[in-house]
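Residue strings, one per chain:
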Amino acid sequence: MSTIEIREARDVATQSALCDLIEDVWEQRLVIPEMLRAIAHAGGYVTGAHRGDQLVAASVAFLGRNAAGVPHLHSHITGVAPAVQSHGVGYLVKQHQRSWCLERDIHAIEWTFDPAIARNAWFNLQRLGADVVSFEQDFYGHGDDRFVVRWALDDAAPRDEPAAEPGDRRVPIDDGLRDGLASAIAEGHRVVGVTRVGVYVLRRT
């Protein structure tokens, strides 16, 4: 695959193209140009990944603070064109986000993802080394469960596949995922990783 260049979208036309790409990927209109214009103007992260003249990915993030008041970048949505999915474009976008943040003295990125999608779990928890900070049921109000993850940027590194220890809970990604996660977390366990076959390993804190 030819070189991918990631750059901020500073004009309305490019921001509109990002919205179109996200709609194509997610099959619904999730962001509008006016929103991206406002986020970019306010100092947020609005970028596109380009392969030559072709837009192949879009990413939108805004500034936030956690409950302790520590600033972070909240990565709201990223879409990668189907033709280049599984080619490392998403990883390049995350590394660009990391550099963008560190240049601005921001040392963490947070985002949400569906814990039922195993490939995203592996990418977020093992390849990037992000930590699950909470399990939010019905995050968007429609049965959409989400993990909130935090990526500490100063020491970000991939992690090996977790090996379960005595006392750990193993929760497979199947029809019992929601109840399994909720039960384990209520008992004081936290997610330490996910296996390649799609089993979350939770350890008592």
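Up top is the structure these notes are about.
Residues numbered from 1 in each chain as written. Predicted model: local features only at pLDDT ≥ 70, side-chain atom pairs only at ≥ 80, totals over all residues. Heavy atoms only, no water.

1. Re the overall build of the protein
Inference 1: Across its full length, the protein carries 5 helices and 10 strands.
Inference 2: Radius of gyration (C-alpha) of the protein: 17 Å, near the 17 Å computed for a compact globule of 205 residues.
Inference 3: By its C-alpha atoms, the protein is 55 × 35 × 35 Å across when sized along the principal axes.
Inference 4: When each of the 205 residues of the protein is scored for burial, the buried share is 41%.
Inference 5: Sequence separation of 24 or more characterises 60% of the internal contacts of the protein that already satisfy a separation of 6 or more.
Inference 6: Summed over all atoms, the accessible surface of the protein reaches about 10,800 Å², with 48% contributed by carbon and sulfur. (Helix = DSSP H or I, 4+ residues; strand = E, 2+ residues; numbered from the N terminus. Rg over C-alpha atoms; globule rule 2.2 N^0.38 Å. Buried < 20%, exposed > 50% of the residue type's maximum accessible area, 1.4 Å probe, protein only. Contact = heavy atoms within 4.5 Å. Areas by Shrake-Rupley, 256 points an atom, 1.4 Å probe, with all protein chains shown as cover.)

2. So, the nonpolar core
Inference 1: Residues L125, F147, V149, L181 and Y200 are the most contacted members of the largest nonpolar core, which totals 39 residues.
Inference 2: Filtering out sequence-adjacent residues up to four positions away, F147 remains in contact with W111, T112, F113, P115, V132, S134, F135, L181, V191 and Y200.
Inference 3: Counting residues in each nonpolar core, the second largest holds 13 residues, with A9, L36, V46 and A58 among its members. (Core = buried A, V, L, I, M, F, W, Y, C linked by side-chain atoms within 4.5 Å.)

3. Notes on the pattern of salt bridges
Inference 1: Under the criterion given, the structure shown has 13 salt bridges.
Inference 2: In this structure, the salt-bridge partner of R10 is E8, at a minimum N-O distance of 3.4 Å.
Inference 3: Look at R10 and you get exposed, because its relative accessible area is 62%.
Inference 4: E8 gets classed as partly exposed once you look at its relative accessible area, which sits at 24%.
Inference 5: It is possible to trace a salt-bridge network through shared partners that takes in E8, R10, E103 and R104. (Salt bridge = Lys/Arg side-chain N within 4 Å of Asp/Glu carboxyl O.)

4. Side note on the environment of D175
Inference 1: Locating D175 in the fold gives a position in the loop between β8 (169–172) and α5 (177–186).
Inference 2: Take D175: its relative accessible area is 87%, and that puts it in the exposed class.

5. Details of the environment of D174
Inference 1: Within the fold, D174 resides in the loop between β8 and α5.
Inference 2: Its relative accessible area of 44% is what places D174 among the partly exposed residues.
Inference 3: Taking the C-alpha atoms as reference, D174 lies 19 Å from P162; in sequence the two are 12 residues apart.
Inference 4: Polar contacts involving the side chain of D174 include one to the main-chain amide nitrogen of G176, which spans 2.9 Å. (Polar contact = N/O pair within 3.5 Å; in protein donor to acceptor, adjacent residues only side chain to side chain.)

6. Remarks on unusual backbone geometry
Inference 1: The backbone phi angle of D105 is positive, close to 60°, even though this residue is not glycine.
Inference 2: By the element assignment, D105 lies in the loop between α3 (89–103) and β5 (108–113).
Inference 3: Using a relative accessible area of 57% as the deciding quantity, one classes D105 as exposed.
Inference 4: One non-glycine residue, D138, lies in the positive phi region at around 55°.
Inference 5: One can find D138 in the loop between β6 (131–136) and β7 (146–152).
Inference 6: Of the residues examined, D138 reaches a relative accessible area of 35% and is grouped as partly exposed.

7. Quick notes on the packing of helix α1 (residues 12–26) against helix α2 (residues 33–41)
Inference 1: Axis separation between α1 and α2 bottoms out at 8 Å; the angle between their running directions is 120°. By the angle between their axes, α1 is oblique relative to α2. Here α1 and α2 pass one another in a crossing that is right-handed. Between α1, through V12, Q15, S16, L18 and C19, and α2, the contact on the second element is made entirely by P33, L36, R37 and A40. (Axes fitted to C-alpha atoms, helices over the stretch in contact; angles between N-to-C directions. Parallel < 35°, antiparallel > 145°, perpendicular 65-115°, else oblique. Left-handed = near helix turned anticlockwise from the far one by under 90°.)

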